[in-house]
Amino acid sequence: MEKIYLDHAATTPLSEKAFEAMKPYFTEVFGNPNSQHVYGREGAKGVSYARETMAKAIGAKTNEVYFTSCGTEADNWAVKGAALALKEKGKHIITSVIEHPAVYTTCKQLEKYGFEVTYLPVDGEGFVSVNALEEAMRDDTVLVSIMFANNEIGTVEPIKELCEAAHKHGALFHTDAVQATGAVHYNVKELGVDMLSLSGHKFYGPKGVGALYIRNGLSIEKFMTGGEQERAHRGGTTNVPGVVGMAAALDDAISTIEKDNAYVSSLRDRFVQRVLNEIDDILYNGAKDAQKRLPNNANFSFRYIEGESILFSLDLAGISASSGSACSSGSLEPSRTLLSIGVPVGTAHGSIRFTFGKHNTMEQVDYTADRLVEIVARLRAMSPLYKK
Amino acid sequence: MYNDKVMEVFKNPQHMGEVENYNAIGTVGNEVCGDIMQITMLIEDNVIKDAKFKTFGCAAAVASSSTATGMIIGKTVDEALKLTNKQVIEELEGLPPQKIHCSVLAEDAIREAIENYQQKNK
(Lines give C-alpha, C1' and ligand atoms only; values in the text may rest on other atoms or scores of the structure.)
Protein backbone atom coordinates (compact mmCIF):
# COMPACT_ATOMS: atom_id res chain seq x y z
CA MET A 1 0.00 0.00 0.00
CA GLU A 2 1.25 3.47 -0.86
CA LYS A 3 2.02 5.62 2.15
CA ILE A 4 0.71 9.18 2.02
CA TYR A 5 2.25 11.73 4.33
CA LEU A 6 -0.07 14.60 5.25
CA ASP A 7 1.53 15.75 8.48
CA HIS A 8 4.05 18.35 7.33
CA ALA A 9 3.31 20.60 10.30
CA ALA A 10 4.71 17.83 12.53
CA THR A 11 7.86 17.45 10.49
CA THR A 12 9.08 17.35 6.89
CA PRO A 13 11.45 15.03 5.02
CA LEU A 14 14.99 16.36 4.63
CA SER A 15 15.56 18.04 1.26
CA GLU A 16 18.23 16.59 -1.04
CA LYS A 17 20.12 19.89 -1.01
CA ALA A 18 20.18 19.97 2.78
CA PHE A 19 21.26 16.34 2.97
CA GLU A 20 24.12 16.89 0.51
CA ALA A 21 25.26 20.04 2.33
CA MET A 22 25.30 18.19 5.67
CA LYS A 23 27.15 15.04 4.62
CA PRO A 24 30.78 16.23 4.85
CA TYR A 25 30.18 17.59 8.35
CA PHE A 26 29.40 14.15 9.73
CA THR A 27 32.66 12.61 8.58
CA GLU A 28 35.69 14.43 7.15
CA VAL A 29 34.80 17.90 8.46
CA PHE A 30 34.16 16.77 12.01
CA GLY A 31 36.15 19.39 13.92
CA ASN A 32 34.73 21.28 16.87
CA PRO A 33 34.12 24.74 15.40
CA ASN A 34 35.50 26.30 18.57
CA SER A 35 38.86 24.53 18.27
CA GLN A 36 41.80 26.65 17.14
CA HIS A 37 43.39 24.13 14.76
CA VAL A 38 42.65 23.45 11.11
CA TYR A 39 39.89 20.94 11.92
CA GLY A 40 38.19 23.53 14.06
CA ARG A 41 38.54 26.22 11.42
CA GLU A 42 36.97 23.95 8.78
CA GLY A 43 34.01 23.30 11.09
CA ALA A 44 33.74 27.02 11.86
CA LYS A 45 33.50 27.72 8.11
CA GLY A 46 30.39 25.56 7.99
CA VAL A 47 28.88 27.42 10.93
CA SER A 48 29.68 30.79 9.31
CA TYR A 49 28.06 29.72 6.06
CA ALA A 50 25.00 28.63 8.02
CA ARG A 51 24.75 31.84 10.01
CA GLU A 52 25.17 34.08 6.95
CA THR A 53 22.61 32.08 4.99
CA MET A 54 20.07 32.08 7.80
CA ALA A 55 20.55 35.81 8.40
CA LYS A 56 20.01 36.59 4.72
CA ALA A 57 16.90 34.40 4.54
CA ILE A 58 15.15 36.20 7.40
CA GLY A 59 16.55 39.68 6.76
CA ALA A 60 18.76 39.79 9.85
CA LYS A 61 22.39 40.70 10.39
CA THR A 62 24.75 37.76 10.81
CA ASN A 63 25.41 38.49 14.47
CA GLU A 64 21.69 38.47 15.26
CA VAL A 65 21.26 34.75 14.56
CA TYR A 66 21.82 32.32 17.45
CA PHE A 67 21.67 28.59 16.91
CA THR A 68 19.74 26.37 19.32
CA SER A 69 18.86 22.68 19.58
CA CYS A 70 15.25 23.17 18.43
CA GLY A 71 12.35 25.60 18.18
CA THR A 72 11.26 24.83 21.73
CA GLU A 73 14.66 25.88 23.07
CA ALA A 74 14.52 29.11 21.09
CA ASP A 75 11.06 29.85 22.54
CA ASN A 76 12.18 29.03 26.07
CA TRP A 77 15.25 31.21 25.70
CA ALA A 78 13.34 34.18 24.28
CA VAL A 79 10.54 34.17 26.84
CA LYS A 80 12.51 33.27 29.97
CA GLY A 81 15.58 35.23 28.89
CA ALA A 82 13.61 38.44 28.32
CA ALA A 83 11.49 37.98 31.45
CA LEU A 84 14.55 37.47 33.66
CA ALA A 85 16.50 40.32 32.07
CA LEU A 86 13.64 42.77 32.59
CA LYS A 87 12.21 41.62 35.91
CA GLU A 88 13.27 44.82 37.69
CA LYS A 89 11.38 46.84 35.12
CA GLY A 90 8.18 44.83 35.28
CA LYS A 91 6.82 41.33 35.65
CA HIS A 92 3.87 41.31 33.28
CA ILE A 93 3.91 39.23 30.09
CA ILE A 94 1.26 39.02 27.39
CA THR A 95 0.78 36.01 25.14
CA SER A 96 -2.19 34.26 23.52
CA VAL A 97 -4.36 31.28 24.40
CA ILE A 98 -3.38 29.44 21.22
CA GLU A 99 0.40 29.46 21.63
CA HIS A 100 2.38 26.27 21.12
CA PRO A 101 3.24 24.58 24.44
CA ALA A 102 6.84 25.78 24.00
CA VAL A 103 5.62 29.30 24.81
CA TYR A 104 2.40 28.52 26.69
CA THR A 105 3.87 26.21 29.33
CA THR A 106 6.94 28.43 29.62
CA CYS A 107 4.62 31.30 30.57
CA LYS A 108 2.82 28.99 33.01
CA GLN A 109 6.17 28.21 34.60
CA LEU A 110 7.06 31.91 34.89
CA GLU A 111 3.79 32.47 36.75
CA LYS A 112 5.13 30.18 39.46
CA TYR A 113 8.09 32.55 39.83
CA GLY A 114 6.04 35.67 40.37
CA PHE A 115 5.39 36.83 36.81
CA GLU A 116 1.87 37.77 35.78
CA VAL A 117 0.73 36.54 32.39
CA THR A 118 -2.25 37.70 30.33
CA TYR A 119 -3.42 35.12 27.80
CA LEU A 120 -5.17 37.03 25.02
CA PRO A 121 -8.25 35.36 23.56
CA VAL A 122 -8.65 34.80 19.82
CA ASP A 123 -11.66 35.19 17.53
CA GLY A 124 -13.51 32.35 15.80
CA GLU A 125 -10.79 32.05 13.14
CA GLY A 126 -7.90 32.16 15.59
CA PHE A 127 -6.85 35.80 15.19
CA VAL A 128 -5.40 37.80 18.07
CA SER A 129 -6.85 41.30 18.05
CA VAL A 130 -4.48 44.28 18.00
CA ASN A 131 -7.02 46.26 20.04
CA ALA A 132 -7.19 43.52 22.66
CA LEU A 133 -3.41 43.66 22.93
CA GLU A 134 -3.46 47.46 23.30
CA GLU A 135 -6.02 47.15 26.08
CA ALA A 136 -4.03 44.47 27.89
CA MET A 137 -0.79 46.48 27.89
CA ARG A 138 0.24 47.82 31.31
CA ASP A 139 3.07 49.97 32.62
CA ASP A 140 4.81 46.84 33.89
CA THR A 141 4.36 44.81 30.66
CA VAL A 142 7.84 43.85 29.54
CA LEU A 143 7.23 41.18 26.91
CA VAL A 144 4.61 40.24 24.35
CA SER A 145 4.93 36.83 22.68
CA ILE A 146 2.47 35.96 19.91
CA MET A 147 2.96 33.12 17.44
CA PHE A 148 3.43 33.99 13.75
CA ALA A 149 1.21 31.15 12.51
CA ASN A 150 -0.73 28.58 14.49
CA ASN A 151 0.43 24.98 14.29
CA GLU A 152 -3.06 23.44 14.41
CA ILE A 153 -5.28 25.72 12.34
CA GLY A 154 -2.70 27.61 10.28
CA THR A 155 -3.98 31.10 11.10
CA VAL A 156 -1.32 33.74 10.34
CA GLU A 157 -1.37 36.51 12.94
CA PRO A 158 -0.94 40.23 12.13
CA ILE A 159 2.58 40.22 13.56
CA LYS A 160 3.68 43.63 12.32
CA GLU A 161 0.64 45.37 13.84
CA LEU A 162 0.87 43.41 17.09
CA CYS A 163 4.56 44.24 17.31
CA GLU A 164 3.87 47.96 16.80
CA ALA A 165 1.29 47.87 19.58
CA ALA A 166 3.76 46.25 21.96
CA HIS A 167 6.49 48.73 21.10
CA LYS A 168 4.15 51.70 21.50
CA HIS A 169 3.82 50.71 25.13
CA GLY A 170 7.50 49.99 25.61
CA ALA A 171 7.43 46.19 25.66
CA LEU A 172 9.58 43.73 23.73
CA PHE A 173 7.97 41.56 21.07
CA HIS A 174 8.81 37.92 20.42
CA THR A 175 7.21 35.67 17.82
CA ASP A 176 7.29 31.91 17.53
CA ALA A 177 7.77 31.54 13.77
CA VAL A 178 8.31 27.78 13.83
CA GLN A 179 5.34 27.07 11.52
CA ALA A 180 5.65 30.25 9.46
CA THR A 181 9.31 29.96 8.48
CA GLY A 182 9.65 28.50 5.00
CA ALA A 183 5.96 29.16 4.24
CA VAL A 184 5.86 32.93 4.78
CA HIS A 185 8.65 35.06 3.31
CA TYR A 186 9.16 37.56 6.09
CA ASN A 187 11.89 40.02 6.95
CA VAL A 188 12.55 40.56 10.65
CA LYS A 189 13.42 44.23 10.13
CA GLU A 190 10.17 44.92 8.28
CA LEU A 191 8.20 43.08 10.94
CA GLY A 192 10.06 45.00 13.63
CA VAL A 193 10.21 42.04 16.03
CA ASP A 194 12.83 41.92 18.76
CA MET A 195 13.08 38.14 18.83
CA LEU A 196 11.93 35.34 16.53
CA SER A 197 12.16 31.55 16.95
CA LEU A 198 12.38 28.98 14.18
CA SER A 199 13.03 25.27 13.77
CA GLY A 200 14.94 23.46 11.00
CA HIS A 201 12.78 20.42 10.45
CA LYS A 202 9.60 22.34 9.55
CA PHE A 203 11.02 23.50 6.20
CA TYR A 204 12.72 20.31 4.92
CA GLY A 205 15.76 20.76 7.15
CA PRO A 206 17.06 18.41 9.83
CA LYS A 207 15.60 17.78 13.28
CA GLY A 208 17.46 18.78 16.42
CA VAL A 209 18.33 22.30 15.33
CA GLY A 210 16.66 25.70 15.55
CA ALA A 211 17.54 29.36 15.81
CA LEU A 212 16.64 32.45 17.75
CA TYR A 213 16.90 35.88 16.17
CA ILE A 214 17.78 38.50 18.77
CA ARG A 215 17.89 42.07 17.51
CA ASN A 216 21.21 43.85 17.98
CA GLY A 217 21.28 46.00 21.08
CA LEU A 218 18.94 43.74 22.99
CA SER A 219 20.42 41.79 25.87
CA ILE A 220 18.46 38.88 27.34
CA GLU A 221 19.45 36.41 30.02
CA LYS A 222 21.21 33.23 28.94
CA PHE A 223 19.16 30.06 28.85
CA MET A 224 21.81 27.45 28.16
CA THR A 225 24.79 28.49 30.25
CA GLY A 226 28.16 27.08 29.34
CA GLY A 227 31.06 27.92 27.07
CA GLU A 228 31.82 30.63 24.59
CA GLN A 229 29.70 29.30 21.74
CA GLU A 230 27.22 31.59 19.99
CA ARG A 231 29.27 34.60 21.05
CA ALA A 232 29.00 33.44 24.67
CA HIS A 233 25.20 33.60 24.62
CA ARG A 234 24.41 29.91 24.31
CA GLY A 235 26.73 27.20 25.59
CA GLY A 236 27.06 23.80 23.99
CA THR A 237 29.03 22.51 21.01
CA THR A 238 27.38 23.67 17.81
CA ASN A 239 25.52 20.99 15.84
CA VAL A 240 27.55 21.70 12.70
CA PRO A 241 25.80 19.33 10.25
CA GLY A 242 22.49 20.47 11.75
CA VAL A 243 23.01 24.20 11.28
CA VAL A 244 24.45 23.67 7.78
CA GLY A 245 21.47 21.51 6.81
CA MET A 246 18.98 23.98 8.26
CA ALA A 247 20.58 26.86 6.36
CA ALA A 248 20.69 24.93 3.08
CA ALA A 249 17.04 23.92 3.54
CA LEU A 250 15.84 27.45 4.28
CA ASP A 251 17.84 28.88 1.38
CA ASP A 252 16.23 26.30 -0.88
CA ALA A 253 12.75 26.89 0.54
CA ILE A 254 12.97 30.67 0.13
CA SER A 255 14.29 30.42 -3.44
CA THR A 256 11.17 28.48 -4.54
CA ILE A 257 8.66 29.79 -2.01
CA GLU A 258 6.15 31.28 -4.44
CA LYS A 259 6.03 28.24 -6.67
CA ASP A 260 5.88 25.81 -3.73
CA ASN A 261 3.20 27.78 -1.91
CA ALA A 262 1.07 27.97 -5.05
CA TYR A 263 1.36 24.22 -5.56
CA VAL A 264 0.80 23.22 -1.93
CA SER A 265 -2.18 25.54 -1.56
CA SER A 266 -3.70 24.12 -4.77
CA LEU A 267 -3.57 20.66 -3.14
CA ARG A 268 -5.03 22.00 0.09
CA ASP A 269 -7.76 23.97 -1.67
CA ARG A 270 -8.88 20.98 -3.71
CA PHE A 271 -8.96 18.81 -0.60
CA VAL A 272 -10.93 21.35 1.44
CA GLN A 273 -13.40 21.87 -1.39
CA ARG A 274 -14.00 18.15 -1.77
CA VAL A 275 -14.36 17.52 1.97
CA LEU A 276 -16.80 20.42 2.43
CA ASN A 277 -18.82 19.30 -0.57
CA GLU A 278 -18.95 15.61 0.26
CA ILE A 279 -19.20 15.43 4.06
CA ASP A 280 -21.91 17.17 6.07
CA ASP A 281 -21.91 18.24 9.72
CA ILE A 282 -18.32 19.42 9.76
CA LEU A 283 -16.45 22.55 10.75
CA TYR A 284 -13.52 23.93 8.76
CA ASN A 285 -11.37 25.40 11.52
CA GLY A 286 -9.09 28.40 11.16
CA ALA A 287 -8.80 31.41 8.88
CA LYS A 288 -11.26 31.41 5.97
CA ASP A 289 -9.17 33.91 3.98
CA ALA A 290 -6.44 31.82 2.31
CA GLN A 291 -4.11 34.86 2.39
CA LYS A 292 -4.15 34.73 6.18
CA ARG A 293 -3.66 31.02 6.50
CA LEU A 294 -0.61 28.78 6.01
CA PRO A 295 -0.82 27.34 2.49
CA ASN A 296 -0.42 23.74 3.68
CA ASN A 297 -3.00 23.62 6.47
CA ALA A 298 -6.51 22.16 6.60
CA ASN A 299 -8.23 21.39 9.90
CA PHE A 300 -11.70 19.90 10.28
CA SER A 301 -13.97 18.86 13.11
CA PHE A 302 -16.28 15.99 12.19
CA ARG A 303 -19.36 15.94 14.37
CA TYR A 304 -20.54 12.72 16.10
CA ILE A 305 -17.21 10.90 15.77
CA GLU A 306 -13.91 10.92 17.60
CA GLY A 307 -10.56 12.05 16.19
CA GLU A 308 -8.39 9.14 17.16
CA SER A 309 -10.61 6.60 15.45
CA ILE A 310 -10.56 8.76 12.31
CA LEU A 311 -6.79 9.00 12.56
CA PHE A 312 -6.28 5.25 12.91
CA SER A 313 -8.74 4.53 10.13
CA LEU A 314 -6.77 6.87 7.87
CA ASP A 315 -3.56 5.18 9.02
CA LEU A 316 -4.98 1.78 8.04
CA ALA A 317 -5.61 3.26 4.59
CA GLY A 318 -1.98 4.40 4.42
CA ILE A 319 -2.69 8.05 5.18
CA SER A 320 -0.73 9.84 7.92
CA ALA A 321 -2.47 12.88 9.37
CA SER A 322 -2.76 14.30 12.86
CA SER A 323 -5.51 14.37 15.44
CA GLY A 324 -6.53 17.73 16.82
CA SER A 325 -7.55 15.81 19.91
CA ALA A 326 -4.77 15.19 22.37
CA CYS A 327 -6.37 11.85 23.21
CA SER A 328 -3.65 9.84 21.54
CA SER A 329 -0.95 11.56 23.56
CA GLY A 330 -2.50 10.39 26.80
CA SER A 331 -4.54 13.44 27.72
CA LEU A 332 -8.30 13.39 27.49
CA GLU A 333 -8.49 17.14 27.03
CA PRO A 334 -9.34 18.29 23.53
CA SER A 335 -7.18 20.91 21.80
CA ARG A 336 -6.82 24.22 23.65
CA THR A 337 -6.64 25.98 20.28
CA LEU A 338 -9.90 24.51 18.99
CA LEU A 339 -11.74 25.28 22.23
CA SER A 340 -10.37 28.84 22.07
CA ILE A 341 -11.89 29.43 18.63
CA GLY A 342 -15.25 28.23 19.95
CA VAL A 343 -15.42 24.63 18.76
CA PRO A 344 -17.75 22.83 21.24
CA VAL A 345 -15.83 20.38 23.42
CA GLY A 346 -17.57 17.26 22.07
CA THR A 347 -17.01 18.36 18.47
CA ALA A 348 -13.39 19.27 19.20
CA HIS A 349 -12.76 15.61 20.00
CA GLY A 350 -13.49 14.80 16.36
CA SER A 351 -10.82 16.95 14.77
CA ILE A 352 -8.14 16.13 12.22
CA ARG A 353 -5.33 18.25 10.82
CA PHE A 354 -4.05 17.61 7.31
CA THR A 355 -0.87 19.46 6.36
CA PHE A 356 0.31 19.09 2.77
CA GLY A 357 3.81 19.25 1.35
CA LYS A 358 5.55 19.81 -1.94
CA HIS A 359 5.99 16.07 -2.57
CA ASN A 360 2.26 15.32 -2.34
CA THR A 361 0.27 14.85 -5.54
CA MET A 362 -3.27 15.64 -6.64
CA GLU A 363 -3.89 11.87 -6.90
CA GLN A 364 -2.99 11.53 -3.22
CA VAL A 365 -5.38 14.36 -2.39
CA ASP A 366 -8.22 12.62 -4.21
CA TYR A 367 -7.39 9.22 -2.71
CA THR A 368 -7.40 10.78 0.76
CA ALA A 369 -10.70 12.58 0.17
CA ASP A 370 -12.26 9.33 -1.10
CA ARG A 371 -11.09 7.36 1.92
CA LEU A 372 -12.10 10.12 4.34
CA VAL A 373 -15.66 10.15 3.01
CA GLU A 374 -15.87 6.38 3.59
CA ILE A 375 -14.27 6.50 7.02
CA VAL A 376 -16.52 9.28 8.30
CA ALA A 377 -19.61 7.40 7.05
CA ARG A 378 -18.44 4.16 8.68
CA LEU A 379 -17.64 5.75 12.03
CA ARG A 380 -20.88 7.71 12.04
CA ALA A 381 -22.83 4.50 11.44
CA MET A 382 -21.09 3.24 14.57
CA SER A 383 -21.79 6.36 16.62
CA PRO A 384 -24.67 6.52 19.11
CA LEU A 385 -24.73 10.31 18.58
CA TYR A 386 -25.44 10.15 14.85
CA LYS A 387 -29.17 9.88 14.16
CA LYS A 388 -29.56 9.91 10.40
CA MET B 1 0.62 2.27 20.66
CA TYR B 2 -2.03 -0.44 20.07
CA ASN B 3 -1.25 -4.10 19.58
CA ASP B 4 -2.25 -5.96 16.40
CA LYS B 5 -5.25 -7.55 18.04
CA VAL B 6 -6.77 -4.18 19.05
CA MET B 7 -6.14 -2.77 15.57
CA GLU B 8 -7.68 -5.87 13.98
CA VAL B 9 -10.84 -5.58 16.08
CA PHE B 10 -11.00 -1.84 15.41
CA LYS B 11 -10.69 -2.52 11.70
CA ASN B 12 -13.38 -5.22 11.67
CA PRO B 13 -15.63 -4.67 14.66
CA GLN B 14 -18.31 -7.32 15.23
CA HIS B 15 -21.84 -6.83 16.59
CA MET B 16 -22.00 -3.20 15.56
CA GLY B 17 -25.40 -1.48 15.48
CA GLU B 18 -28.64 -1.84 17.43
CA VAL B 19 -30.55 -5.06 18.15
CA GLU B 20 -33.82 -4.60 16.26
CA ASN B 21 -36.29 -5.54 19.00
CA TYR B 22 -34.04 -4.96 22.01
CA ASN B 23 -35.44 -5.07 25.52
CA ALA B 24 -32.31 -3.80 27.28
CA ILE B 25 -30.28 -0.68 26.58
CA GLY B 26 -27.34 0.85 28.39
CA THR B 27 -25.53 4.08 27.50
CA VAL B 28 -22.51 5.29 29.43
CA GLY B 29 -19.83 7.98 29.08
CA ASN B 30 -20.27 11.48 27.71
CA GLU B 31 -19.30 13.52 24.70
CA VAL B 32 -17.12 15.89 26.71
CA CYS B 33 -14.81 13.05 27.75
CA GLY B 34 -14.77 11.78 24.20
CA ASP B 35 -16.28 8.35 24.85
CA ILE B 36 -19.89 7.18 24.67
CA MET B 37 -20.88 3.53 24.54
CA GLN B 38 -24.34 2.15 23.91
CA ILE B 39 -25.19 -1.53 24.20
CA THR B 40 -28.57 -2.98 23.23
CA MET B 41 -29.61 -6.53 24.04
CA LEU B 42 -32.42 -8.99 23.49
CA ILE B 43 -32.82 -10.99 26.70
CA GLU B 44 -35.07 -14.07 26.75
CA ASP B 45 -35.40 -16.57 29.60
CA ASN B 46 -32.55 -14.84 31.39
CA VAL B 47 -30.24 -15.48 28.43
CA ILE B 48 -28.70 -12.76 26.23
CA LYS B 49 -29.88 -13.90 22.80
CA ASP B 50 -28.29 -11.01 20.94
CA ALA B 51 -26.32 -7.85 21.70
CA LYS B 52 -24.97 -4.97 19.64
CA PHE B 53 -22.96 -1.84 20.36
CA LYS B 54 -22.60 1.70 19.11
CA THR B 55 -19.58 3.73 20.16
CA PHE B 56 -18.37 7.29 19.90
CA GLY B 57 -14.74 7.10 20.88
CA CYS B 58 -11.20 6.09 20.13
CA ALA B 59 -9.93 2.85 18.61
CA ALA B 60 -9.62 1.28 22.07
CA ALA B 61 -13.24 2.18 22.87
CA VAL B 62 -14.46 0.58 19.64
CA ALA B 63 -12.33 -2.54 20.18
CA SER B 64 -13.45 -2.85 23.83
CA SER B 65 -17.14 -2.53 22.98
CA SER B 66 -16.94 -4.99 20.11
CA THR B 67 -15.07 -7.53 22.22
CA ALA B 68 -17.20 -7.16 25.35
CA THR B 69 -20.39 -7.44 23.30
CA GLY B 70 -19.13 -10.66 21.71
CA MET B 71 -18.24 -12.09 25.10
CA ILE B 72 -21.77 -11.84 26.54
CA ILE B 73 -23.86 -13.15 23.64
CA GLY B 74 -25.34 -16.52 24.65
CA LYS B 75 -24.49 -15.97 28.30
CA THR B 76 -27.00 -15.78 31.13
CA VAL B 77 -27.64 -12.41 32.72
CA ASP B 78 -25.75 -13.50 35.84
CA GLU B 79 -22.75 -14.61 33.80
CA ALA B 80 -22.74 -11.33 31.88
CA LEU B 81 -22.80 -9.35 35.11
CA LYS B 82 -19.61 -11.11 36.14
CA LEU B 83 -17.72 -9.90 33.07
CA THR B 84 -14.94 -7.57 34.16
CA ASN B 85 -12.88 -5.06 32.25
CA LYS B 86 -9.81 -7.19 33.00
CA GLN B 87 -11.30 -10.04 30.96
CA VAL B 88 -11.96 -7.62 28.08
CA ILE B 89 -8.34 -6.45 28.24
CA GLU B 90 -7.12 -10.07 28.28
CA GLU B 91 -9.24 -10.86 25.25
CA LEU B 92 -7.68 -7.85 23.48
CA GLU B 93 -4.20 -8.99 24.58
CA GLY B 94 -3.63 -5.71 26.40
CA LEU B 95 -4.51 -2.01 26.21
CA PRO B 96 -2.25 1.03 26.75
CA PRO B 97 -2.53 2.33 30.36
CA GLN B 98 -4.32 5.54 29.35
CA LYS B 99 -6.95 3.43 27.52
CA ILE B 100 -7.89 1.12 30.39
CA HIS B 101 -10.95 3.32 31.05
CA CYS B 102 -12.34 2.24 27.66
CA SER B 103 -12.63 -1.35 28.89
CA VAL B 104 -14.25 -0.12 32.11
CA LEU B 105 -16.77 1.75 30.01
CA ALA B 106 -17.66 -1.50 28.19
CA GLU B 107 -18.20 -3.29 31.49
CA ASP B 108 -20.35 -0.38 32.72
CA ALA B 109 -22.45 -0.33 29.55
CA ILE B 110 -23.29 -4.02 29.92
CA ARG B 111 -24.24 -3.54 33.59
CA GLU B 112 -26.35 -0.51 32.70
CA ALA B 113 -28.20 -2.44 29.98
CA ILE B 114 -28.94 -5.36 32.30
CA GLU B 115 -30.13 -3.00 35.05
CA ASN B 116 -32.38 -1.34 32.50
CA TYR B 117 -33.86 -4.75 31.66
CA GLN B 118 -34.28 -5.72 35.30
CA GLN B 119 -35.99 -2.40 36.13
CA LYS B 120 -38.53 -3.01 33.38
CA ASN B 121 -39.14 -6.63 34.40
CA LYS B 122 -39.41 -6.27 38.16
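All figures in this text were calculated on a predicted structure; none of them were measured in a lab.

## Some details on the interface of chain A and chain B
Contact residues are listed per partner, giving 24 residues for chain A and 25 residues for chain B. Summed over both sides, the interface of chain A with chain B buries roughly 2,000 Å², with 68% coming from carbon and sulfur. Of all residues in chain A, the largest losses of buried area upon contact with chain B belong to A:Leu316, A:Met382 and A:Pro384, amounting jointly to 28% of the total for that side. Across the contact surface, chain A and chain B share one salt bridge. The residue B:Lys99 makes a salt bridge to A:Glu308 at a minimum N-O spacing of 2.9 Å.

## Digging into the packing of aromatic side chains
We describe a pair of aromatic rings using the distance from one ring centre to the other and the angle between the two ring planes. Taken as a whole, this structure holds 12 aromatic pairs over all chains when the rule is applied. Look at A:Phe271 and A:Phe356: their rings are 5.4 Å apart centre to centre, the planes differ by 65°, and that puts the pair in the edge-to-face class. In this pair, A:Phe271 is assigned in helix H10 (residues 257-278) and A:Phe356 in the loop between strand S13 (351-355) and helix H14 (362-382), connecting sequence segments 85 residues apart. According to the relative accessible area criterion, A:Phe271 is buried, its value standing at 0%. Judged by its relative accessible area of 1%, A:Phe356 is buried. Seen in terms of ring centroids, A:Phe300 and A:Phe302 are 5.9 Å apart; in terms of plane orientation they differ by 45°. Their pairing is tilted. On the basis of relative accessibility, which here comes to 0%, the residue A:Phe300 falls in the buried class. One aromatic cluster is present, formed by A:Phe271, A:Tyr284, A:Phe300, A:Phe302, A:Phe354 and A:Phe356 through successive ring pairs. Sitting over the ring of A:Tyr204, A:Lys358 keeps its end group 4.4 Å from the ring centre. One cation-aromatic arrangement involves A:Arg378 over B:Phe10; the distance from NZ or CZ to the ring centre is 5.7 Å.

## A few points about the sheet that holds strand S9 (residues 282-284) of chain A
All names here are of chain A. Strand order across the open sheet formed by four strands is S9-S10-S13-S12, with antiparallel pairing between neighbours. Unpaired on one side and paired on the other, S9 and strand S12 (322-323) mark the two borders of the sheet. Pairing between S9 and strand S10 (residues 297-302): three bridges, direction antiparallel. By the bridge assignment, Tyr284 is partnered in S10 with Phe300. Strand contacts of H10: S9, S10 and S13, with the helix running at about 15° to S10, the strand carrying the most contacts. Running over the sheet, H14 touches S9, S10 and S13 and is turned about 20° from S10.

## Description of the environment of A:Pro101
With respect to the helices and strands, A:Pro101 occurs in helix H4 (residues 101-112). Leaving out residues up to four positions away in the same chain, A:Pro101 has contacts with A:Thr106 and A:Arg336.

## Some details on the sheet that holds strand S4 (residues 116-120) of chain A
All names here are of chain A. Strand order in the open sheet formed by seven strands is S2-S8-S7-S6-S5-S3-S4, and the pairing between neighbours is mixed. The open sheet has two free edges, formed respectively by strand S2 (65-68) and S4, since each of these has just one partner strand. Within this sheet the neighbouring strands show an average axis-to-axis angle of 20°, counted without direction. Relative to strand S5 (residues 141-145), strand S3 (residues 92-96) runs parallel, the two being bridged by three bridges. Bridge assignment links Ile94 to a residue of S5, and that residue is Val144. Strands S2, S3, S5, strand S6 (172-176), strand S7 (195-199) and strand S8 (210-214) of the sheet are contacted by helix H3 (residues 71-85), whose axis makes an angle of about 160° with S7.

## So, helix H6 (residues 159-168) of chain A
Residue and element names in this part refer to chain A. Restricting attention to buried positions, one finds in H6 the residues Ile159, Leu162, Cys163, Ala165 and Ala166. Taken around the axis of H6, the buried residues stretch over an arc of 160°, which confines them to a single face. On its buried face, H6 is in contact with helix H5 (130-136), S5, S6 and helix H7 (188-191). Positive phi appears at Gly170, one or two residues downstream of H6, with a value of about 80°.

## Focus: the pattern of salt bridges
Side chains bearing opposite charge may pair, as long as their charged atoms lie close to each other. Residues and elements named next belong to chain A. Counted by the stated rule, this structure contains 22 salt bridges over all chains. The salt bridge partner of Lys189 is Glu64, with a shortest N-O separation of 2.7 Å. Residue Lys189 is found in helix H7, and its partner Glu64 is found in the loop between helix H2 (38-58) and S2; the two are separated by 125 residues along the sequence. In this structure Lys189 comes out as partly exposed when scored by relative accessible area, which is 39%. Members of the salt-bridge network, linked through shared partners, are Arg270, Arg274, Glu278, Asp366 and Asp370.

## Brief notes about a negative patch on the surface
Residue and element names in this part refer to chain B. Negative charge collects at one region of the surface, where Asp4, Glu8, Glu90, Glu91 and Glu93 lie side by side. For Glu90, the position within the fold is in helix H4 (residues 85-91). For Glu90, a relative accessible area of 61% corresponds to the exposed category.

The rules behind the values
- Residues numbered from 1 in each chain as written.
- Chains lettered and ligands numbered in written order.
- Predicted model: local features only at pLDDT ≥ 70, side-chain atom pairs only at ≥ 80, totals over all residues.
- Heavy atoms only, no water.
- Contact = heavy atoms within 4.5 Å.
- Buried area = accessible area lost by both parts, 1.4 Å probe.
- Salt bridge = Lys/Arg side-chain N within 4 Å of Asp/Glu carboxyl O.
- Phe/Tyr/Trp six-rings, centres within 6.5 Å; stacked < 30°, edge-to-face > 60°.
- Helix = DSSP H or I, 4+ residues; strand = E, 2+ residues; numbered from the N terminus.
- Buried < 20%, exposed > 50% of the residue type's maximum accessible area, 1.4 Å probe, protein only.
- Lys NZ or Arg CZ within 6 Å of the ring centre and 35° of its normal.
- Pairing = 2+ DSSP bridges.
- Axes fitted to C-alpha atoms, helices over the stretch in contact; angles between N-to-C directions.
- Arc of directions from axis to C-beta.
- Patch = residues over 30% accessible without salt bridge, like charges linked within 9 Å, V, L, I, M, F, W, Y side chains within 5 Å.
- Areas by Shrake-Rupley, 256 points an atom, 1.4 Å probe, with all protein chains shown as cover.
- Lys, Arg positive; Asp, Glu negative; His and termini not counted.
- Charge placed at Lys NZ, Arg CZ, Asp CG, Glu CD.

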